[in-house]
Amino acid sequence: MQLVDTHVHINFDSFQPDLDEVASAWRQAGVAHLVHSCVEPSEFDAIQAIANRFDEISFAVGLHPLDMDKWTSELADQIRQLALSDARVVAIGETGLDFFKADDQACQLEAFRAQLSVAYDLGLPVIIHCRDAAATMRDVLQEFWQEHGPVQGVMHCWTGTPEETQWFLDLGLYISFSGIVTFKSATQVQASAQMVGCDRILVETDCPFLSPVPKRKQKRNQPANVLHVAECVAGLREVSLETLAAQTTANARTLFNLPDASFAVSE
């Protein structure tokens, strides 16, 4: 059985003292590949260095909507050039909209649209962060699709309602579930996890954040814990863990065009 953790941030300082042990743990848990997200282009070198250490890591480049203080009109071209500089870049992001306590919505919209254009031009999927902005996100994506054409992508760490989930499924996007789906109070997220088609569902940790049940007491989440996310989602969907793992791994490979070498040992 193999899993793909489709969203990690293991470049954060909390991982530096024991990253080799963290890697050993994810391998023991059956995690065959990881997609390392990026919150700002200045992280690129550090993420690239981690990918040099671990062959099973692909990565993205982009600007997170909570980092708009770093946005300039030139940054989109920097993201484009970085994406072209390394074949292991499999996505643009994470990008998106975060209207929770936001007073910079116009800037977020500008940055998101610019990164959508980069992804479209390069034929790469987008890793989309969306918090308290689902309706606006839907409208922006529909507008972009109509003007330019569809962009592949994933609604990462999804917390939306089933109705909102359907909006993004209708736009052809994948839906990725994190440790939040394991929380007892996350009934709407769990309902969404039950309705997503088997060809559009993904799992992730978003580590070091959002440790899943039964690891909630661990302050630092880690890629090995994607196994617990997968177990929960499999239970909600009334399929075996092996079935859910096969479906989500196949979907991750398709969306991110992951290299076959990462999956060769067990197959």
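Refer to the structure presented above.
In this text, all values refer to a predicted model and were calculated from it rather than measured experimentally.

**Student:** Lay out the pairing of strand 5 (residues 126-131) in plain terms, naming residues and giving numbers.
**Tutor:** With five of six residues buried, strand 5 lies mostly within the body of the structure. Looking at chain direction, strand 4 (residues 89-98) and strand 5 are connected through five bridges and run parallel. Its bridge partner being in strand 5, Gly96 is matched across the sheet by His129. Note on the crossover from strand 4 through helix 4 (residues 105-122) to strand 5: the handedness is right-handed.

**Student:** If you had to explain the packing of aromatic side chains to someone new, which residues and values would you point to?
**Tutor:** The tally for this structure, following the rule as stated, stands at seven aromatic pairs. When the centroid spacing of 5.8 Å and the interplanar angle of 80° are considered together, the rings of Phe12 and Phe209 count as edge-to-face. In this pair, Phe12 is assigned in the loop between strand 1 (3-8) and helix 1 (19-28) and Phe209 in the loop between strand 8 (201-203) and helix 8 (226-237), connecting sequence segments 197 residues apart. Taking the relative accessible area as the measure of exposure, Phe209 reaches 41% and is therefore partly exposed. Residues Trp158 and Phe168 carry aromatic rings whose centres are separated by 5.4 Å and whose planes lie at 75° to one another, so their mutual orientation is edge-to-face. Of the two residues, Trp158 sits in the loop between strand 6 (153-155) and helix 6 (162-170) while Phe168 sits in helix 6, which places them ten residues apart along the sequence. Take Trp158 and Phe168: they sit in the same class, and that class is buried. An aromatic cluster of at least three residues, connected via ring pairs, comprises Tyr120, Phe144 and Trp145. Directly above the ring of Trp167 sits Arg138, whose terminal nitrogen or CZ lies 4.0 Å from the centroid.

**Student:** Lay out the packing of helix 3 (residues 75-85) against helix 4 in plain terms, naming residues and giving numbers.
**Tutor:** Running from N to C, helix 3 and helix 4 point in directions that differ by 30°, and their axes come no closer than 9 Å. Classified by the interaxial angle, the pair formed by helix 3 and helix 4 is roughly parallel. The two elements helix 3 and helix 4 meet at a crossing, and its hand is right-handed. Between helix 3, through Ala76, Ile79, Arg80, Ala83 and Leu84, and helix 4, the contact on the second element is made entirely by Ala114, Gln115, Val118, Asp121 and Leu122. For the contact of helix 3 with helix 4, the residue count by class is seven nonpolar, one polar and two charged.

**Student:** Could you give an account of the packing of helix 5 (residues 134-147) against helix 6, with specific residues and numbers?
**Tutor:** Viewed as axis vectors pointing N to C, helix 5 and helix 6 meet at an angle of 15°, and their least axial separation amounts to 10 Å. Here helix 6 runs roughly parallel to helix 5, going by the angle between their axes. Here the hand of the crossing between helix 5 and helix 6 comes out left-handed. Contact residues: helix 5 offers Ala134, Ala135, Met137, Arg138 and Leu141, while helix 6 offers Glu164, Trp167 and Phe168. Residues of the contact of helix 5 with helix 6, tallied by class, amount to six nonpolar, no polar and two charged.

**Student:** Which residues make up unusual backbone geometry, and what values do they have?
**Tutor:** If a residue is not glycine, its phi is most likely negative; likewise, a peptide bond is most likely trans. Residue Glu94 is bonded to the preceding Gly93 through a cis peptide linkage, with omega at 15°. Relative to the helices and strands, Glu94 resides in strand 4. Geometrically, the link from Val213 to Pro214 is a cis peptide bond, its omega value of 15° lying close to zero. One non-glycine residue, Cys157, lies in positive phi territory at about 50°. Take Cys157: it is sitting in the loop between strand 6 and helix 6. A residue is classified by how much of its surface remains accessible, and Cys157, at 12% relative accessible area, is buried.

Thresholds applied
Residues numbered from 1 in each chain as written. Predicted model: local features only at pLDDT ≥ 70, side-chain atom pairs only at ≥ 80, totals over all residues. Heavy atoms only, no water. Buried < 20%, exposed > 50% of the residue type's maximum accessible area, 1.4 Å probe, protein only. Helix = DSSP H or I, 4+ residues; strand = E, 2+ residues; numbered from the N terminus. Pairing = 2+ DSSP bridges. Right-handed = clockwise from strand over helix to strand, strands pointing away. Phe/Tyr/Trp six-rings, centres within 6.5 Å; stacked < 30°, edge-to-face > 60°. Lys NZ or Arg CZ within 6 Å of the ring centre and 35° of its normal. Axes fitted to C-alpha atoms, helices over the stretch in contact; angles between N-to-C directions. Parallel < 35°, antiparallel > 145°, perpendicular 65-115°, else oblique. Left-handed = near helix turned anticlockwise from the far one by under 90°. Contact = heavy atoms within 4.5 Å. Nonpolar A, V, L, I, M, F, W, Y, C, P; charged D, E, K, R; others polar.

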